[in-house]
Each structure stands twice: as structure tokens, then as C-alpha cells.
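# Chain and residue survey
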Amino acid sequence: MKRLKGGGALPPKPTWIQLTKGLLGGFFGILTLTVLNHTTGVPWLMAPFGATCVILFAAPQSPLAQPRNVIVGHLLTASVGLAMLYGVGNESWMIALAVGLAIMLMQACRAVHPPAGANPLVIMLAGTQVVGIDYLFTPVLAGSVALVTIAAVINNLGEPHHWPVYWHGIKRG
């Protein structure tokens, strides 16, 4: 029980600029995807993108918020979900296995992005009548690239922070 005690300090209180970036990033990120969804008739939005916005705009310096992690993480996990759905089905144990495999694959590829862990769930629960292979392109790839683009603008406003910390694994600096 001693290990569960905790006792560390809270993270530093965010500045008004950081709070504003969170608000604007979440708002414009999801608004952009929603508008594109309605105007193109193609799906640009999926539930895990809400959590992606939290990481991109509230913790932009985190390794989990870097473009490589966001884009590759979403692509890997959606691929696992689609492969499992079309390869073996969507029974309970298969859904659980898909999430486990997705986590393992993100770790192995050094592209961990926690919101992407929901992709196999979204895909497998939706089923083959709703989700096809094109789901990898829209909303997964197109939506994650759009959010990263918006993050590149929002996260470089107002403070001397540079975002991203890295694109392809080569640190700036």
C-alpha cells in the first residue's frame, strides 16, 4: 500500500496563455474537423480526436503530443482494429486483444499516443457495416494531420515555446 500513497506535488498552474491555447486548440481543432465532415460528406471526426486535442493543446511538450506519435499512433491502432475486425471478428476477447496489440505496436514503433488506444474499440464496435478500409484515410490520417497542422499554429503563438519538439524523432535544438 505504501507504493499507492502518492504525495507528489500537483503540476504547475497553467498560465492564461496556456489556458487560452487549450480552449482555442480544442475549439478550432474539432470545429475544423466537424465543418470538413459536413462540407465534404466524408468522415473527418472520430471520438478519440477529442482526447488527442487534450494532449496536443494542454501538454504540447509531451512526447505523446508530437506529430509522429499522433499520426503514426492513430494509423497503427486503426490498422490493428481494422485487421482484427475483418480478419477475426469483434467478439469481446478479440476487442480486448486488439487494444493490447495496438498498445504493444505503438510501444514497439516508439509512437505512443494514448487517445489512439481507443481506435480499435471504435472500429470494432462500429462493425463492418459502418467501417471500411477507407477509414484509415478519413478520418484517421486526414483528421490527425489536420489536428497536427492546427497544433503547429496554436502551440507556437504567444510564448517562446517551439512545437513540435520533434517530427520524425530528431530533436531540434
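Cut-offs used in this document
- Along each chain, the written sequence defines residue order, and numbers are assigned to residues from 1.
- Under the rules for a predicted model, residues below a pLDDT of 70 receive no local features and side-chain atom pairs below 80 are neither given nor counted, while totals for whole chains, interfaces and linings still include all residues.
- Each side-chain value is derived from all of the structure's non-hydrogen atoms; neither hydrogens nor water enter the calculation.
- Numbering of helices and strands runs from the N terminus, with a helix taken as a DSSP run of H or I at least four residues long and a strand as a DSSP run of E at least two residues long.
- Only protein chains enter the accessibility calculation, which uses a 1.4 Å probe. A residue is then buried if its area is under 20% of the maximum for its type, exposed if over 50%, and partly exposed in between.
- Only the contacting stretch of a helix is used when fitting its axis, a line to C-alpha atoms as for every element, and angles between N-to-C directions run 0 to 180 degrees.
- For this classification, under 35 degrees means roughly parallel, over 145 means roughly antiparallel, 65 to 115 means roughly perpendicular, and everything else is oblique.
- Handedness of a crossing follows from how the near helix is turned relative to the far one, being left-handed for an anticlockwise turn of less than a right angle and right-handed for a clockwise one.
- We call two residues in contact when some of their heavy atoms are within 4.5 Å.
- In this classification, the charged set is Asp, Glu, Lys and Arg, the nonpolar set is Ala, Val, Leu, Ile, Met, Phe, Trp, Tyr, Cys and Pro, and all remaining amino acids, among them Gly, are polar.

Bringing the environment of Gly50 into the picture now. Among the structural elements, Gly50 can be located in helix α2 (residues 48-58). Here the alpha-carbon distance between Gly50 and Lys13, two residues 37 residues apart in the chain, equals 22 Å.

A few words now on the environment of Ala51. Inspection of the secondary structure puts Ala51 in helix α2. With relative accessibility at 34%, the residue Ala51 sits in the partly exposed group. C-alpha separation for the pair Ala51 and Leu125, spaced 74 residues apart in sequence, amounts to 18 Å.

We now examine the packing of helix α3 (residues 67-87) against helix α5 (residues 119-126). Direction vectors running N to C along α3 and α5 enclose 30 degrees, while the axes themselves pass 8 Å from each other. One element, α3, and the other, α5, form an angle in the roughly parallel class. In this structure, the crossing between α3 and α5 has a hand that is right-handed. When α3 is examined against α5, the residues His74, Thr77, Ala78, Gly81, Leu82, Met84 and Leu85 are found in contact with a partner set consisting of Asn119, Pro120, Ile123 and Met124. Its residues assigned to classes, the contact of α3 with α5 shows 7 nonpolar, 4 polar and no charged.

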